[in-house]
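# Understanding the architecture of this molecule
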Amino acid sequence: MVKSTVRFSDAVMDRVEELVEGETFSSKSEFQRFAVEFVLSEIDDYEPEMLDFDDVRDEVFPDDSAFTDEGVPEPGAEFYQIAARVRQFAIRGEIETAHDLIDTHYPATDPRSLLLDDIVETYRTPEGGQSAAQE
């Protein structure tokens, strides 16, 4: 197994720690493994290797019908559209609008929400103001 070091913003890690404390995941590593495998399975023809992936997915998304083959046009198509809009808002410095868009499409416990939040954070300046692209 390959070890990889990934850096996340404090806001992202605070949300992950909430999920671990809430017993949704047993550890931050389990959450990160699940999030990566889930995103890969949504955007690519990837078969998750994580032990009990389906059980964890069903626990995290109990009412999500996106896992059925009926009526799903293309895996990840909606996510790509939302991610593009979130990035556009973030680039323009409209951080709150980007967060509102994320919140209206995904619950806080959804790995896609965490990934999109991390995208927004890359465009936030240390002062909390506009994105670096607008300066």
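Residues numbered from 1 in each chain as written. Predicted model: local features only at pLDDT ≥ 70, side-chain atom pairs only at ≥ 80, totals over all residues. Heavy atoms only, no water.

### Description of the overall build of the chain
Scanning the chain for helices and strands turns up six helices and zero strands. When the elements of the chain are put in sequence order from the N terminus, they spell out α-α-α-α-α-α. Sorting the 135 residues of the chain into buried and exposed places 34% on the buried side. Partitioning the contacts of the chain with sequence separation of at least 6, the portion at a separation of at least 24 is 51%. (Helix = DSSP H or I, 4+ residues; strand = E, 2+ residues; numbered from the N terminus. Buried < 20%, exposed > 50% of the residue type's maximum accessible area, 1.4 Å probe, protein only. Contact = heavy atoms within 4.5 Å.)

### Notes on the packing of helix 2 (residues 28-43) against helix 6 (residues 111-121)
Where helix 2 contacts helix 6, the two axes come as close as 9 Å, and the packing angle between them is 95°. When the axes of helix 2 and helix 6 are compared, the pair comes out roughly perpendicular. Between helix 2 and helix 6, the residues in contact are Phe31, Phe34, Ala35, Phe38, Val39 and Glu42 and Pro111, Arg112, Leu114 and Leu115, respectively. A breakdown of the residues in the contact of helix 2 with helix 6 according to their chemical character gives eight nonpolar, no polar and two charged. (Axes fitted to C-alpha atoms, helices over the stretch in contact; angles between N-to-C directions. Parallel < 35°, antiparallel > 145°, perpendicular 65-115°, else oblique. Nonpolar A, V, L, I, M, F, W, Y, C, P; charged D, E, K, R; others polar.)

### Considerations on helix 3 (residues 53-60)
For helix 3, the complete set of buried residues consists of Phe53, Val56, Arg57 and Val60. When helix 3 is viewed along its axis, its buried side chains cluster within an angular range of 100° and face the same direction. Pointing more than 90 degrees away from the buried face of helix 3 are the exposed residues Asp55 and Glu59. If you follow the buried residues of helix 3, they end up packed against helix 2. (Arc of directions from axis to C-beta.)

### Quick word on the packing of helix 5 (residues 95-105) against helix 6
Across the interface, helix 5 lies against helix 6 with an axial gap of 10 Å and an inter-helix angle of 170°. Our classification of the angle between helix 5 and helix 6 gives roughly antiparallel. Counted together, Ile95, Ala98, His99 and Ile102 of helix 5 and Ser113, Leu116, Asp117, Val120 and Glu121 of helix 6 form the full contact between these two elements. Class assignment for the residues of the contact of helix 5 with helix 6 results in five nonpolar, two polar and two charged.

### Points about the nonpolar core
Val16, Phe25, Phe31, Phe34, Val56 and Val60 are the most contacted members of the largest nonpolar core, which totals 15 residues. In this structure Val60 touches Thr24, Phe25, Phe34 and Thr109, once residues within four positions along its chain are discounted. Among the nonpolar cores identified, the runner-up in size contains 14 residues, and Phe79, Ile82, Val86 and Phe89 belong to it. (Core = buried A, V, L, I, M, F, W, Y, C linked by side-chain atoms within 4.5 Å.)

### Considerations on helix 5
Looking only at helix 5, the buried set comprises Ile95, Ala98, His99, Leu101 and Ile102. All buried residues of helix 5 project into a common sector of 155° when viewed along the axis, lining one side. Seen from the open side of helix 5, the exposed residues pointing more than 90 degrees away from its buried face are Glu96 and Thr104. Tucked inside the fold, the buried residues of helix 5 contact helix 4 (77-91) and helix 6.

### Observations regarding the environment of Val120
Looking at the element boundaries, Val120 is found in helix 6. Residues Val120 and Gly93, 27 residues apart in the sequence, show an inter-C-alpha distance of 9.4 Å. When sequence neighbours within four positions are dropped, the list of residues in contact with Val120 reads Val86, Ala90, Ile95, Ala98, His99 and Ile102.

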